[in-house]
Amino acid sequence: MAVLRIFSYLPNPRVWKAQIAGDICGVEVDVVGDGNLGSWLWDFDARPMEESEREASSPHARTSRRGFSGTLFKTDAFLKAHPFGTVPAAFSPDGQVGVFESNSILRAVVRAAEDDQGLYGRDGYHASRIDSFLDAALVLGREAQVYLLIMTDMTPGLQERMAGAFEFYMNGVENALSQSDFIAGDELTIADIGFVCDVGQFLREGKGRFRTALTDKGLAPIGDGAVAAYPRAFAHLETLGQQDVFQHRLGNYLDWFFAA
Ligand SMILES: N[C@@H](CCC(=O)N[C@@H](CS)C(=O)NCC(=O)O)C(=O)O
């Protein structure tokens, strides 16, 4: 039986964090959702709604906050479990406990494991060091979310802010990898899993419509030339991304970047 149910738009690199960890440490994670959550009822028992149910007068109708536009349909029970009203949204098997923020969902998976394979460190200090990297990645993730959402209205100032956040995080990871084979020490942890998914998602700024939006404004993607600045970090990203357990969830998600 799944120890965690995750409701999210799909595909979503933030969900892959939990799935990769679950695959490594033998924890079953149930994932529900699709590419159009605007037509879903956001709930522990999330489901696509009939068009006739999706009315402004619905008791579940809420104004979207970030990453979505217009009306979303969230139950009171969903908002009780998820006070920020965001996805990915995880639930305990009975639906009573909501876990939000993809890094916290990632931690929840590993905590549920009988043998976590060292993914959350071997002692409290090491676990806290891993948390430190996850917190630093959340700052990057939040900046990246704003940056990618605002892409068509990009300004040099906004891009500069993103570049600063990217530089800060990548510099820390680069330094860490000059001391150890993995980000938080000598073995794979959830800090590495979060790194692959968060940086992989950010790098989309250099692909397709995002690249076009930037170049239309005379701006170059931040990721262009970044491999030379952070060689250890990008080698780590590429190596992990090629491992079966990452490939299983990421597929060819990173290929375009390293093929370029
Ligand atoms: N830092 C959060 C980001 C979650 C988030 O902001 N989700 C947005 C979509 S990208 C959301 O659910 N928005 C709901 C709304 O607009 O009401 C995480 O990693 O889980």
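Use the structure listed above.
Reading guide: rules and limits
Residues numbered from 1 in each chain as written. Predicted model: local features only at pLDDT ≥ 70, side-chain atom pairs only at ≥ 80, totals over all residues. Heavy atoms only, no water. Helix = DSSP H or I, 4+ residues; strand = E, 2+ residues; numbered from the N terminus. Expected span 1.5 Å × (residues − 1). Buried < 20%, exposed > 50% of the residue type's maximum accessible area, 1.4 Å probe, protein only. Contact = heavy atoms within 4.5 Å. Polar contact = N/O pair within 3.5 Å; in protein donor to acceptor, adjacent residues only side chain to side chain.

### Concerning helix H1 (residues 13–25)
- Between the first and last C-alpha of H1 there are 19 Å, a value that for 13 residues agrees with the 18 Å anticipated at 1.5 Å per step.
- Judged by how many residues are buried, H1 sits mostly within the fold: eleven of 13 residues are covered.
- Those residues of H1 that fall on the buried side of the exposure criterion are Pro13, Arg14, Val15, Trp16, Lys17, Ala18, Gln19, Ile20, Ala21, Gly22 and Cys25.
- Packed against the buried residues of H1 are strand S1 (4–7), strand S2 (29–32), helix H3 (102–111), helix H4 (124–149), helix H6 (190–202) and helix H10 (244–250).
- Put simply, Asn12 is the residue that caps the front of H1, since its side-chain oxygen is 2.9 Å from the backbone nitrogen of Arg14.
- Count one or two residues on from H1 and you reach Gly26, which has phi positive near 70 degrees.

### Comments concerning H6
- The terminal C-alpha atoms of H6, which comprises 13 residues, lie 18 Å apart, in line with the 18 Å expected from a rise of 1.5 Å per residue.
- Most of H6 sits inside the fold, with 13 of its 13 residues counted as buried.

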